[in-house]
Amino acid sequence: MKHFPTLALVWAFSTLSAAAQTAPSLISPEIREDHSVTFRLQAPKSQSVALRGQWDKEQVAMTLDADKVWTLTVPKITPGVWEYSFIVDGLTLIDPLNPAQKPQRKPTASILHIPGTPPNVWDFQNVPHGTVHQHDYLSKALGKQRSAWVYTPPGYEADSTTKYPLLVLQHGSGDRHEAWVVHGKAHWIFDNLIAAGKAKPMVVLMLDGHPLGQIPREMADKRAESLQAFKNELLQDGLPLVENLYHVSPDREQRAIAGLSMGGWQSLSTGMTNLDRFAWIGSFSGAVDENEIKPALDDAAGTNSKVKLLWIACGEKDFLLERNNLLITTLKARGVNHEWRLTPGDHSWPVWRDYLAEFAPKLFR
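From a predicted model like this one, the values you see are computed outputs, not experimental measurements. (Residues numbered from 1 in each chain as written. Predicted model: local features only at pLDDT ≥ 70, side-chain atom pairs only at ≥ 80, totals over all residues. Heavy atoms only, no water.)

Visitor: How should the nonpolar core be read in this particular structure?
Guide: Note that soluble globular proteins tend to have their nonpolar side chains buried in a common cluster. In this structure, Leu-167, Leu-169, Trp-180, Phe-190 and Phe-284 are the most contacted members of the largest nonpolar core, which totals 40 residues. Setting aside residues up to four positions removed in sequence, Phe-190 forms contacts with Tyr-151, Leu-167, Leu-169, Met-202, Val-204, Leu-356 and Ala-360. Leu-227, Met-272, Leu-297 and Leu-331 belong to the second largest nonpolar core, which has 38 residues in total. (Core = buried A, V, L, I, M, F, W, Y, C linked by side-chain atoms within 4.5 Å. Buried < 20%, exposed > 50% of the residue type's maximum accessible area, 1.4 Å probe, protein only. Contact = heavy atoms within 4.5 Å.)

Written out as structure tokens, the structure is:
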């Protein structure tokens, strides 16, 4: 087991050769005090280079300067954690000068983080910080090597008596288990909420949600198989790992599961069919087939007696909004208690960070 204090957690990946950047003095992205940002790419043989940034979702052409460096300055970018990519002769690439890369199954996006004033809940702040632990293990359920990350709250190492509540927090289909920390800044969100007295200190387990690899949406049978494999790994490997290595409460009322997109689907399907293990369930832009949670729907009284919170949120411009509306209609018709949040935004990380910051304070109360 490896331990990475959140103060020093660094993510450094690059899919382009460092040799392609022959001018080490180049900086990209270069962030100025007025929040203008300059992006640079040395690709002198390319015919066209453009920047696509999540802050406005526009693809903007870059200019080749006298030094054969493609350059673009964006006048002002709103503080936040944003994704961006270079489009080089039609190919989407990360920024090879920027070590901050979004953890994806197919890496195409770099990270631009502009802290707010005052700081946002996902920004690094001068508060006590927890620890992110990395685990590699042989999965009994899958028969292969797997990885997971675990967050422990500030003061955990000095407190060997407290039994902490546990949240299982899952990523989306295009990402990996590191995404909630590296790109979602979940560790800082928890640190800041706990320091402000808004959230209970908790342990957070982040599993790789792709037990069978990334499965295309149209492969329904394979996706069902992958969902079952995820459940098996969580119950046979993930939870026992945390229970053996960390002092967490065994009480089901001290267990939560939540996730975004694919992770929301996994959380709804797993949580609603394992009410003996989870009392708090959250879905951020997720969706679930009614048949997957039929026992919980058929026994609304029993479900309501066990579930402390079923929290479902989706953005007004999210492509999964219709499926969320159908789920909410079903929950109302069946009499299953839930909390529904329809918010501005689409299917993206700026929305999901807000959801985590709103969901976490509701847990374990």
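Visitor: Can you help me understand the packing of aromatic side chains in this one?
Guide: Each aromatic ring pair is described using two quantities: the centre-to-centre distance and the angle formed by the ring planes. Applying the stated criterion across every chain, the model contains 17 aromatic pairs. Here the aromatic rings of Tyr-156 and Tyr-164 are separated by 5.4 Å at their centres, their planes lie at 45°, and the arrangement is tilted. Judged by relative accessible area, Tyr-156 falls into the buried class, the value being 7%. Through pairs of rings, three or more aromatic residues link up here, namely Trp-180, Phe-284, Trp-311, Trp-349, Trp-352, Tyr-355 and Phe-359. Across the ring face of Trp-265, the terminal group of Arg-223 is positioned such that the distance to the ring centre comes to 4.6 Å. (Phe/Tyr/Trp six-rings, centres within 6.5 Å; stacked < 30°, edge-to-face > 60°. Lys NZ or Arg CZ within 6 Å of the ring centre and 35° of its normal.)

Visitor: Looking at this structure, how should I read the confidence of the model for the protein?
Guide: For any part of a model where pLDDT is low, the fine detail of the predicted coordinates should not be relied upon. In this model, the protein carries an average pLDDT of 93, and 93% of its residues clear a pLDDT of 70 or more. Counting contacts from residues 2-23, a segment whose pLDDT is below 50, to residues more than four positions away or on other chains yields 54 contacts. (pLDDT = per-residue confidence, 0-100.)

Visitor: Explain the side chain of Ser-269 to me, please; I cannot follow it from the model alone.
Guide: Examined against the element boundaries, Ser-269 turns out to sit in helix α4 (residues 262-272). Residue contacts for Ser-269: discarding those within four places in its chain leaves Leu-227, Lys-231, Val-288, Glu-292 and Ile-293. (Helix = DSSP H or I, 4+ residues; strand = E, 2+ residues; numbered from the N terminus.)

Visitor: Would you mind showing me how to read the pattern of salt bridges here?
Guide: Side chains carrying opposite charge are able to pair once their charged atoms draw close together. For the structure on display, the rule yields 15 salt bridges. Notably, a salt bridge pairs Glu-30 with Arg-32, separated by 3.7 Å at the nearest N-O pair. A relative accessible area of 24% places Glu-30 in the partly exposed class. Put simply, Glu-243 and Arg-255 hold a salt bridge, and the shortest N to O gap is 3.1 Å. (Salt bridge = Lys/Arg side-chain N within 4 Å of Asp/Glu carboxyl O.)

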